[in-house]
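Fold and contact review
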Amino acid sequence: MADRRQVLRFGALAAAAPAIAAVIPGTAQAAAPGTVASPGFVASPGSVASPATTTSRRGRTGIVVGHRGASGYRPEHTLASYELAARMGADFIEPDLVSTKDGVLVARHEPEIGGTTDVASRPEFASRQRTVLLDGVSVTGWFTHDFTLAELKTLRATERIPAVRQRNTLFNGLFEVPTFNEVLALRQRLSRELGREIGVFPETKHPTYFRALGLSLEAPLVRALRNHNLDRAGAPVYIQSFEAGNLIDLRRVHKVKAPLTFLTGATGGPFGDSTTYAEYLTPTGLAGLSRWIDGIGPEKTQVIPSTPADATPTPLVANAHAAGLNVIPYTFRAENQFLPPHLRVGTDPNAFGKAIDEQIRFWRAGVDGLFTDMPDVGVLARSLA
């Protein structure tokens, strides 16, 4: 069993990435960060654009998306996390977008920031805590839409799941909450420095909720992409959303030309939508979606069930490809609690299991990419698939 260790440079924080144990004996190592071929983009029949994907030694193709950056190694949705993802070989970095009180898009997992910033420890903002109805669910905390950008910039990011990623807490308090424009500027700089195009995969979080507050996510998103020459067919960008209506409006009302991806869950459906995710993913539903979008981002068990160990992949990849849509499932992580039972190692839920084995199977099932908290694992698995 061979250990894989890489020392990664990140600005003033020269840090060693945690070792990933390769679980497949006798296999070669992945390419070093910065040497993975650029995915590029080409037009495909029946869609606006699809990735001209990176090819592994064994002929497998696909893109690696740094989910919230390299969130397995740095607090999510920070410039540090995004930069580390790119330097680990990710083809895309993925910011979730929410709005400030003054209409600026910032990168946070949710509008509630009590668990991802130090706001709860800041007495000057204690009175901002309140309860809101977020897509039908009562949520108590602090919300980005109650802060101006200037106020939000005084906060510092913290690790969202410290019990799982205790090492990430080392970086608590070091990084600001970035704006979307700062993420796009970072993408441009990293593309230049690494000599390959780094794509961006922004997600509109709770667009219906923000629209009701008078803080549309669509308009500032489109404006930012156009300012960076990214609203065009074939651009290194995918706009994603769990709301099909949001994506259709981006295409039909805002005339967005950049590729769009519809995210789906294993249960339920989009907020305020009578069509379930399961119905959207039928051959008929996929054909209807293909009029507007370019790909789907299903929860990974919608592609390969987690049990039994020899579960057959569902028809989803084949059906989506038949409709002209690519398939990029989420979210791949190395900790046991996020892996199928047969790929866990030991009894510690936070210990690393056989994550490489899991991802290899998805690559071989024909997916066009995957979202991973640990981009170096995704790059390695792609090279071995």
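Here is a short report on the structure shown in this document. (Residues numbered from 1 in each chain as written. Predicted model: local features only at pLDDT ≥ 70, side-chain atom pairs only at ≥ 80, totals over all residues. Heavy atoms only, no water.)

Considering the overall build of the protein chain
Check the secondary structure of the protein chain and you find 11 helices and 20 strands. When burial is assessed residue by residue, the protein chain has 56% of its 385 residues classed as buried. Considering only contacts in the protein chain between residues 6 or more positions apart, those separated by 24 or more positions represent 67%. (Helix = DSSP H or I, 4+ residues; strand = E, 2+ residues; numbered from the N terminus. Buried < 20%, exposed > 50% of the residue type's maximum accessible area, 1.4 Å probe, protein only. Contact = heavy atoms within 4.5 Å.)

Remarks on the packing of aromatic side chains
Under the counting rule described, the total for this entry stands at 12 aromatic pairs. Ring geometry for Phe-92 versus Phe-201: centroids 5.6 Å apart, planes at 65°, classification edge-to-face. Here Phe-92 is found in strand E9 (residues 92–94), whereas its partner Phe-201 is found in the loop between strand E14 (199–200) and strand E15 (203–204), with 109 residues between them in sequence. Both residues of the pair, Phe-92 and Phe-201, count as buried. Here the aromatic rings of Phe-332 and Phe-362 are separated by 4.8 Å at their centres, their planes lie at 80°, and the arrangement is edge-to-face. Residue Phe-332 is found in the loop between strand E19 (326–327) and helix H10 (355–364), and its partner Phe-362 is found in helix H10; the two are separated by 30 residues along the sequence. On the accessibility criterion, Phe-332 (0% relative accessible area) is buried. Cluster of aromatic residues (ring-pair linked, three or more members): Phe-242, Phe-262, Tyr-277, Tyr-280 and Tyr-330. (Phe/Tyr/Trp six-rings, centres within 6.5 Å; stacked < 30°, edge-to-face > 60°.)

Structural notes on the packing of helix H1 (residues 79–87) against helix H3 (residues 180–194)
In the contact formed by H1 and H3, the axes pass within 11 Å of each other and the chain directions differ by 30°. Put simply, H1 runs roughly parallel to H3. Where H1 crosses over H3, the two elements pack in a sense that is right-handed. Where H1 abuts H3, its residues Leu-79, Tyr-82, Glu-83, Ala-86 and Arg-87 lie against Glu-182, Val-183, Leu-186, Arg-189, Leu-190, Glu-193 and Leu-194. When its residues are assigned to classes, the contact of H1 with H3 shows 7 nonpolar, no polar and 5 charged. (Axes fitted to C-alpha atoms, helices over the stretch in contact; angles between N-to-C directions. Parallel < 35°, antiparallel > 145°, perpendicular 65-115°, else oblique. Left-handed = near helix turned anticlockwise from the far one by under 90°. Nonpolar A, V, L, I, M, F, W, Y, C, P; charged D, E, K, R; others polar.)

Overview of H10
Where burial is concerned, most of H10 is hidden: 7 out of the 10 residues are buried. Residues of H10 that are buried: Ala-355, Ile-356, Glu-358, Gln-359, Ile-360, Phe-362 and Trp-363. Taken from the residues just after H10, Gly-366 is the one with a positive phi, measuring 95°.

Digging into the packing of H3 against helix H5 (residues 218–227)
Angle between the axes and distance between the axes are the two parameters that describe a pair of packed helices. Here H3 crosses H5 at 25°, and the two axes come no closer than 10 Å. By the angle between their axes, H3 is roughly parallel relative to H5. In this structure, H3 crosses over H5, and the sense of that crossing is right-handed. Every residue of H5 that contacts H3 at Phe-180, Asn-181 and Leu-184 is listed here: Leu-221, Ala-224 and Leu-225. Taken together, the residues of the contact of H3 with H5 break down into 5 nonpolar, 1 polar and no charged.

A closer look at the pattern of salt bridges
Following the criterion strictly, the structure yields 25 salt bridges and no others. Its salt-bridge partner being Arg-251, residue Asp-294 comes within 2.9 Å of it at the nearest N-O pair. Taken together, the residues span a long stretch of sequence, with Asp-294 in the loop between helix H8 (283–289) and strand E18 (295–298) and Arg-251 in helix H6 (residues 244–252) at a distance of 43 residues. In this structure Arg-251 comes out as buried when scored by relative accessible area, which is 13%. Among the charged side chains, a network of salt bridges with common partners joins Arg-68, Glu-76, Asp-96 and Arg-160. (Salt bridge = Lys/Arg side-chain N within 4 Å of Asp/Glu carboxyl O.)

Focus: the nonpolar core
Counting 89 residues, the largest nonpolar core has Phe-180, Phe-262, Leu-286, Ile-293, Ile-296 and Val-303 as its most contacted members. Setting aside chain neighbours within four positions, we find Val-303 in contact with Pro-298, Pro-313, Thr-314, Leu-316, Val-317, Val-327, Pro-329, Phe-362 and Val-367. The next biggest cluster of nonpolar side chains, apart from the first, holds 8 residues, and it includes Ile-63, Phe-201, Tyr-238 and Ile-328. (Core = buried A, V, L, I, M, F, W, Y, C linked by side-chain atoms within 4.5 Å.)

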